[in-house]
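This is what each chain is made of:
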Amino acid sequence: EDRRRFLVIQIDGLSRAVFEKALAAGRLRVLGRLLRRGHLVLRPMSVGIPTSTPAFQAGVFYGVTPDIPGFHWYDKRARAEIYFPRPGAAELVEGRHAEGRRGIMEGGACYGCVFTGGATENLWTFARITHPARAGRSLLTLPTSALLLFWVVVKCLVLSGAEVARAVLRLIADPLGETRRGWRWLLFKIGLSIWLRQLFALSVTADLYRGAPAIYVNFLEYDVFAHAYGPLHRRALRALQRVDRSIAQLWRTVRRLPELRYDVYILSDHGQAPTRPFTEVSGGVSIEGVVLAAFSPGSESLGPRRLRRRARWLETYRRTRGQGLYQRYVNYMERDFPERVLPPEALRRLEPIRVVAAGPNAFVYVTDAEAPLPFEAIEARFPGAALELSRHPGVGFILARSARGPLCLYRGRVLSLREACTTGPFADREDRSVVLEGLTDLMEMPSAGDLVIYGIGAPGGHVSYLHEMGAHAGPSPEELQTFILHPPLIALPPSPLTRPSQLYSHFLGYREPRP
């Protein structure tokens, strides 16, 4: 055929800085060898904001500027929370972005992604998590494939047994540390690092042999371990080495099939910033409790201890399951709180406030207004609350909308985004124009919160509003700056690459005959 084919290998969550450190340390032997020998060349890439997998893949697969502010948000129009692992959420979001667009994966196969991109076959894809489409069927159509599948199952059983044995030895050597980490990370490692990675590699190998026109595989394990332990932790780097070995397997297969004319791309959708949990700087209170306390009447007259107690109370109150607002208030007042903290009318005033923590970002919505509220309306309704929140030691900066354009609330000051890039939190960034463009895109999304709180750049270091040691969605260089490796004779879109949607036309071009 005149038409070429492509294989995209995504290493989820790997920043360019960590990639280069791993290369220099010799941890990525296969990728290092491919670069040294000129089989692939490296091109820097900025992935836009939010720095998250759903936003990146929507841009690459469909060429859109997505309305996807994070991994978890509240949709005012549908009056529902969107959380991608929840069944149906990714399918709903993909349907909105794919309408009237052609996906680059049409007729191809997709593994481990959030969206399908129109792939005929997909496995472990959030948009089809409960009904995968034909993925892996080619493994069972030939006796050779069945033999390979049997070999991989045996290999995975042996590796799983060895991992359990190592976990028992670690438990003996460090009972307290291993108990604190919990056994779920052992299950994650066995599931992601052994079974799922081997299954993806085998399925992609089968797709290569049958000549699938487009293949996209996302190796997830580095991202998972970087969230749990930090992007430079030894466990995360070992996961990266295992991905490197799977890339070697796929590269060998491509080299055996020159007649199928596959172009191989290796890229990352975002990086991760090292973070600490917000509760470590807030006295154990979640971001929801802090926001509700700041927005409650009379909070400016309370001392830190009283404000923290109110935050805990409000957080617990909002998690009750009573039928009515006043009944929930009475239930918790009687059971846990003997003193009267807020009168019922104040609680009714707080009821429209909804807080969604999504990593180093948290969205604040005023849910009785369907359209996004400008900062002026929020300030009139809750005087001084947002500015007071911007002074919290666990908050880096806060974004808001206004008639003049997006605003940045920073240490009690109200700045325009351009001012934030000259005298605010981004003044020392070399990529200020990219940050300005990305944050402007974010605040033009209808689904972004009325306020968007970031823990990136907090006074004591980067903070995540979830309990994680590595996080992404923000504008830090670690999250924003990644890479794409491509064959040296392939011409990517002109520099600089600052949005994933710039790659859409390139991959869509594989549908047309070319030399």
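Residues numbered from 1 in each chain as written. Predicted model: local features only at pLDDT ≥ 70, side-chain atom pairs only at ≥ 80, totals over all residues. Heavy atoms only, no water.

Some words on the overall build of the protein
Inclusion rule: Secondary structure follows DSSP: runs of H or I at least 4 residues long count as helices, runs of E at least 2 residues long count as strands, and numbering of each begins at the N terminus. Each residue is placed in one exposure class: buried if its accessible area under a 1.4 Å probe, protein chains only, is under 20% of its type's maximum, exposed if it is over 50%, and partly exposed if it falls in between. Contacts between residues were defined by any pair of non-hydrogen atoms, one from each residue, lying within 4.5 Å. Accessibility throughout is a Shrake-Rupley quantity obtained with a 1.4 Å probe, and a residue counts as covered only by protein chains that appear here.
Assigned secondary structure in the protein consists of 19 helices and 19 strands. Buried residues in the protein amount to 58% of all 515 residues. Contacts spanning at least 24 positions in sequence make up 70% of the contacts within the protein whose residues lie at least 6 apart. For the protein, the exposed area adds up to about 21,900 Å²; of that, 56% sits on carbon and sulfur atoms.

Brief notes about a nonpolar patch on the surface
How we decide: Patch rule: a residue counts if its relative accessible area is over 30% and it has no salt bridge; like charges are joined within 9 Å, and nonpolar side chains (Val, Leu, Ile, Met, Phe, Trp, Tyr) within 5 Å. In what follows, salt bridge is the name for a side-chain nitrogen of Lys or Arg lying within 4 Å of a carboxyl oxygen of Asp or Glu.
A cluster of nonpolar side chains, V164, V168, L169 and I172, forms an exposed patch at the surface whose accessible area comes to about 370 Å². Residue placement: V164 occurs in helix α5 (residues 143-173).

Focus: the nonpolar core
Definition in use: Definition used in this section: a nonpolar core is a set of buried Ala, Val, Leu, Ile, Met, Phe, Trp, Tyr and Cys residues joined via side-chain atoms within 4.5 Å.
Within the largest apolar cluster, 65 residues are counted, with the highest numbers of intra-cluster contacts made by F61, F115, Y216, Y265, L399, L442 and F507. Discounting residues that sit within four places of it in the chain, Y216 has contacts with V8, Q10, F56, Q57, F61, M105, A109, C110, Y111, C113 and L267.

A closer look at a positive patch on the surface
Under the convention used in this document: Asp and Glu are treated as the negative residues and Lys and Arg as the positive ones, with His and the ends of the chain left uncounted. Lysine's charge is taken at NZ, arginine's at CZ, aspartate's at CG and glutamate's at CD.
On the surface, a cluster of positive charge is contributed by R33, R36, R37 and R255. Of note, R37 is situated in the loop between α2 (29-36) and β2 (41-46). Judged by relative accessible area, which is 58%, R37 ranks as exposed.

Re the environment of A458
Summarising the element assignment, A458 is placed in the loop between β16 (451-454) and β17 (463-464). Accessibility expressed as a relative area gives 6% for A458, which makes it buried. Residues A458 and R411, 47 residues apart in the sequence, show an inter-C-alpha distance of 9.8 Å. If near-sequence neighbours (up to four positions away) are discounted, A458 is found in contact with P393, G394, V395, G396, R411 and V463.

Here's the deal with empty space enclosed by the protein
Note the threshold: Throughout, the protein atoms alone are placed on a 1 Å grid, and a set of points is a cavity if a 1.4 Å probe fits but cannot get out or a pocket if it is open with protein on both sides within 12 Å along at least five of seven lines; lining residues have an atom within 4 Å of a point. Grid points are joined across faces, edges and corners, and a volume is the space filled by probe spheres set on the points.
The full count for this structure, using the stated rule, is three cavities of 30 Å³ or more. By volume, the largest cavity amounts to about 180 Å³. Forming the walls of the largest cavity are 17 residues, and the residues nearest its centre are G48, I49, D441, R499 and P500. The leading source of residues in the lining of the largest cavity is helix α17 (residues 432-443), at four residues.

As for the sheet that holds strand β13 (residues 397-400)
To keep it simple, the criterion reads: For two strands to be treated as a pair, DSSP must find at least two bridges joining them. Only the stretch in contact is used when a helix axis is fitted, and all axes are lines through C-alpha atoms; the angle between N-to-C directions ranges over 0 to 180 degrees.
Strand order in the open sheet formed by six strands is β11-β12-β16-β13-β14-β15, with antiparallel pairing between adjacent strands. Looking at strand neighbours, the two that pair on one side only are β11 (353-357) and β15 (413-416), the edges of this open sheet. Averaged over all pairs of adjacent strands, the angle between their axes in this sheet comes to 25°, without regard to strand direction. Strand contacts of helix α10 (residues 287-295): β11, β12 (361-366) and β16, with the helix running at about 150° to β11, the strand carrying the most contacts. On the sheet, α17 packs against β13 and β16 and is oriented at approximately 55° with respect to β13.

Focus: helix α4 (residues 89-98)
To keep it simple, the criterion reads: Directions from the helix axis toward the C-beta atoms define the arc.
Taken together, the buried positions of α4 are occupied by A89, A90, V93, E94 and H97. The buried residues of α4 occupy one face: seen down the axis, they fall within an arc of 120°. Check the buried side of α4 and you find it contacts α3 (53-62), β3 (72-75) and β4 (80-83). Once α4 ends, the next one or two residues include G100, with phi positive near 75°.

Brief notes about the sheet that holds strand β8 (residues 262-267)
To summarise the sheet geometry, strands pair through backbone hydrogen bonds and adopt either a parallel or an antiparallel arrangement. In spatial order, the strands read β2-β19-β8-β1-β7-β5-β6; together these seven strands make up an open sheet with mixed pairing. Both outer strands of the open sheet, β2 and β6 (121-123), are each paired with one neighbouring strand and no more. Within the sheet, the average angular offset between the axes of one strand and its neighbour, ignoring direction, is 15°.

Things to note about the environment of L157
Positionally, L157 belongs in helix α5. Note: C-alpha distance between L157 and W195 (38 residues apart in sequence) is 8.7 Å.

Thoughts on the packing of α2 against helix α9 (residues 234-256)
As a reminder, the rule being used: Convention used here: angles under 35 degrees read as roughly parallel, angles over 145 as roughly antiparallel, angles from 65 to 115 as roughly perpendicular, and any remaining angle as oblique. All amino acids are sorted into three groups, where Ala, Val, Leu, Ile, Met, Phe, Trp, Tyr, Cys and Pro are nonpolar, Asp, Glu, Lys and Arg are charged, and the leftover types, Gly among them, are polar.
Axis separation between α2 and α9 bottoms out at 7 Å; the angle between their running directions is 50°. One finds that α2 runs oblique with respect to α9. Contact residues: α2 offers R29, V30, L31 and L34, while α9 offers D244, I247, A248 and W251. In the contact of α2 with α9, the residues fall into six nonpolar, no polar and two charged.

Describing helix α8 (residues 221-229)
Counting buried positions over the nine residues of α8 gives nine, a clear majority of the element. Here α8 has its buried residues at E221, Y222, D223, V224, F225, A226, H227, A228 and Y229. Phi turns positive one or two residues past the end of α8, at G230, with a value near 115°.

Quick word on the pairing of strand β1 (residues 5-11)
Summarising burial for β1: seven of the seven residues are buried, a large majority. Sheet analysis places β1 next to β8, joined by six bridges and oriented parallel. Paired with I9 across the two strands is I266, which belongs to β8. Bridge count for β1 against strand β7 (residues 214-219) is six bridges, and the pairing is parallel. Following the sheet pairing, Q10 is matched in β7 by N218.

A word on the side chain of T125
With respect to the helices and strands, T125 occurs in the loop between β6 and α5. If sequence neighbours within four positions are ignored, T125 has contacts with C110, G112, C113, V114, F115 and T116.

Brief notes about the environment of C110
Of note, C110 is situated in strand β5 (residues 109-111). Accessibility expressed as a relative area gives 0% for C110, which makes it buried. Along the sequence, C110 and V204 sit 94 residues apart, while their C-alpha atoms lie 8.9 Å from each other. If sequence neighbours within four positions are ignored, C110 has contacts with F61, F115, T116, A119, E121, N122, L123, T125 and Y216.

Brief notes about the packing of aromatic side chains
This is how it is decided: Only rings of Phe, Tyr and Trp enter the pairing, Trp through its six-membered ring, and a pair is recorded when the two centres are within 6.5 Å. The plane angle decides the type: under 30 degrees is stacked, over 60 is edge-to-face, the rest tilted.
If you walk through the whole model with that rule in mind, you get 20 aromatic pairs. Measuring from ring centre to ring centre gives 5.0 Å for F6 and F507, while their planes differ by 50°; the resulting arrangement is tilted. Of this pair, F6 sits in strand β1 while F507 is found in helix α19 (residues 504-508), placing the two residues 501 residues apart along the sequence. Neither F6 nor F507 differs from the other in exposure class; each is buried. Three or more aromatic residues link up through ring pairs in this structure, and these residues are F71, W73, Y83, F84, F115 and F126.

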